[in-house]
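The chain contents come next:
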Amino acid sequence: MKGFATYLHPNVCAATGPAADGDRVLAIHDEIRARLAAATADLPALPPAQVSLGELTLVHDAAYIAALRRLAKGRRPRQAPSSDRAALLNGAVPLLPALPGYGWALGGQYEALLGLRGGQLRAAYCFALPGHRAMPDGPRGDCLLNTQAVALRRAQRLGFHRILLIDWDLHRDDGTRRIFAGDPDIWRIGLYTAWEPDGAPNDAATTLHGDARAIELPVLDERISDSDRPGLGLPANCLRGPQSAEALVAALSRLPLQPDLIALYAGFDAHRNDQGRHVTDWVDDDFDWLTRAVCILAEYSGCPILSVHGGGREPEVTARLAEAHIRVLADWARV
Ligand SMILES: [Zn+2]
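Residues numbered from 1 in each chain as written. Predicted model: local features only at pLDDT ≥ 70, side-chain atom pairs only at ≥ 80, totals over all residues.

Enquirer: I'd like a rundown of the overall build of the chain, residues and numbers included.
Expert: Each helix and strand counted, the chain has 9 helices and 8 strands in total. Evaluated residue by residue, the chain yields a buried proportion of 49% over its 335 residues. Long-range contacts, defined as pairs at least 24 residues apart, comprise 76% of the intrachain contacts of the chain with a sequence gap of at least 6. (Helix = DSSP H or I, 4+ residues; strand = E, 2+ residues; numbered from the N terminus. Buried ≥ 20, exposed ≤ 12 C-beta atoms within 10 Å, placed from the backbone. Contact = placed C-beta atoms within 7 Å.)

Enquirer: Would you mind going over the nonpolar core in detail, with residue names and values included?
Expert: Ranked by size, the top nonpolar core spans 99 residues in total, and within it A112, A124 and I262 carry the most contacts. No other element matches helix α4 (residues 99–118), which puts 9 residues into this core. Aside from chain neighbours lying at most four places away, what touches I262 is L164, I166, V294, L297, A298, C303 and I305. (Core = buried A, V, L, I, M, F, W, Y, C linked by C-beta atoms within 7 Å.)

Enquirer: I'd like a description of the environment of R33, backed by residues and values.
Expert: For R33, the position within the fold is in helix α1 (residues 25–39). You can call R33 buried: it has 24 C-beta atoms within 10 Å. Taking C-alpha positions, R33 is 6.1 Å from L8, a pair spaced 25 residues apart along the chain. Setting aside chain neighbours within four positions, we find R33 in contact with L8, V12, C13 and F127.

Enquirer: Explain the sheet that holds strand β4 (residues 186–193) residue by residue, including any values.
Expert: Sheet strands pair by backbone hydrogen bonding; their relative direction is either parallel or antiparallel. One open sheet accounts for 8 strands, arranged β1-β2-β8-β7-β3-β4-β5-β6; its pairing is parallel. The sheet terminates laterally at β1 (4–7) and β6 (239–240), the two strands that pair on one side only. One ladder, built from 4 bridges, connects strand β2 (residues 123–126) with strand β8 (residues 305–309); its direction is parallel. Its bridge partner being in β8, C126 is matched across the sheet by V308. Along the sheet, helix α8 (residues 284–301) makes contact with β3 (163–167), β7 (261–266) and β8, crossing β7 at roughly 170°. (Pairing = 2+ DSSP bridges. Axes fitted to C-alpha atoms, helices over the stretch in contact; angles between N-to-C directions.)

Enquirer: Help me get a handle on helix α5 (residues 147–158), residues and values and all.
Expert: Taking 1.5 Å of rise per residue, 12 residues should cover 16 Å, and α5 covers 16 Å from first to last C-alpha, within 8% of that figure. Where α5 is concerned, the buried positions are T147, Q148, A149, V150, A151, L152 and A155. Close packing links the buried residues of α5 with α4, β3, α6 (174–180), β4, β7 and β8. The first or second residue beyond α5 is G159, which carries a positive phi of 115°. (Expected span 1.5 Å × (residues − 1).)

Enquirer: Please give an account of the packing of α4 against α5 that cites residues and values.
Expert: The contact between α4 and α5 brings their axes to 10 Å, and the two run at 30°. Put simply, α4 runs roughly parallel to α5. Handedness of the crossing formed by α4 with α5: right-handed. Residues Y102, A105, L106, Q109, Y110, L113 and R117 of α4 lie in contact with α5, whose contacting residues are T147, Q148, V150, A151, R154, A155 and L158. Residues belonging to the contact of α4 with α5 are distributed by class as follows: 9 nonpolar, 3 polar and 2 charged. (Parallel < 35°, antiparallel > 145°, perpendicular 65-115°, else oblique. Left-handed = near helix turned anticlockwise from the far one by under 90°. Nonpolar A, V, L, I, M, F, W, Y, C, P; charged D, E, K, R; others polar.)

Enquirer: Can you explain unusual backbone geometry? Please cite residues and give values.
Expert: Of note, the phi angle at H278 is positive, near 75°, even though the residue is not glycine. Note on placement: H278 falls in the loop between β7 and α8. Not every positive phi belongs to a glycine, and D281 is a case in point at roughly 60°. Structurally, D281 can be placed in the loop between β7 and α8. Exposure remark for D281: the 20 C-beta atoms within 10 Å place this residue in the buried category.

Enquirer: Could you give an account of the environment of R133, naming the residues involved and the relevant values?
Expert: Mapping R133 onto the fold places it in the loop between β2 and α5. What makes R133 buried here is the crowd of 22 C-beta atoms within 10 Å. When the C-alpha atoms of R133 and N146 are compared, they prove to be 7.3 Å apart, with 13 residues separating the residues in sequence. The residues touching R133, leaving out its near neighbours within four places in the chain, are R140, G141, C143, H171, D173, D174 and G175.

Right, here's the structure in full:
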């Protein structure tokens, strides 16, 4: 098992038209993708591949996908959504023009999985628009569709049955945790801010003990004191920034399973120069350390790594960190 490949094709950010005014998610991610593609042009790349959006129903409700397709064509959803659903769908509108890109993102992850399963690849890095918060029946935050969850469902069908999903994006993986709740094949390690920047309490930190297959690592903003924490409904087991990367590496070192696939949701927004200031406060070396720890675990487990691009709003910072992450994976995979 050798080999490494990236998937950074422009089609991942393909859109049917410009994103809505005021929404920069698509433009920012396309800039990050283009920077990464240029910086890693020396590495092997997977061929562009497109998967039908119907495949998204492996994790998303068919009604949600149908509604998105109709909205993308400028039509109203066939069924009048509930008020909650209507709000969610309205929230999704800025990213609707990007709908074709999700099919291309999924195509890349499927190609990577075939290579990982077949032994041609030992690791791969696939670009995608943010997805880990997207719920089965609607978007959340910047996440419209959860292509990584779809790809992991496909991975299960390809024969991977002890999948470890590590998510160190600053935000909580609401959608992924909902989709895989109770699934005996998927273990999750999630590190995220315990308190969302919009001021709403992050209920993840209070509902994280129910799933034995999950290790939750909520991190508390340094501006929230220990005495304020109970009043905000946040539990006592929150980490502080300086401990957080160390806690994630420690969690990797005491895993009760030997995975046959390690999936990464590689967000870079926990960096102190992105959205991580006052929370994780990570620097470049933290991401390097975490990536190397994942490679050591994969080496020890004899399993491949599929890393999917996560969050990061600062193109220069995110592209720099992602390139370094890719180089470590590539060096490990080619030894
Ligand atoms: Zn994020």
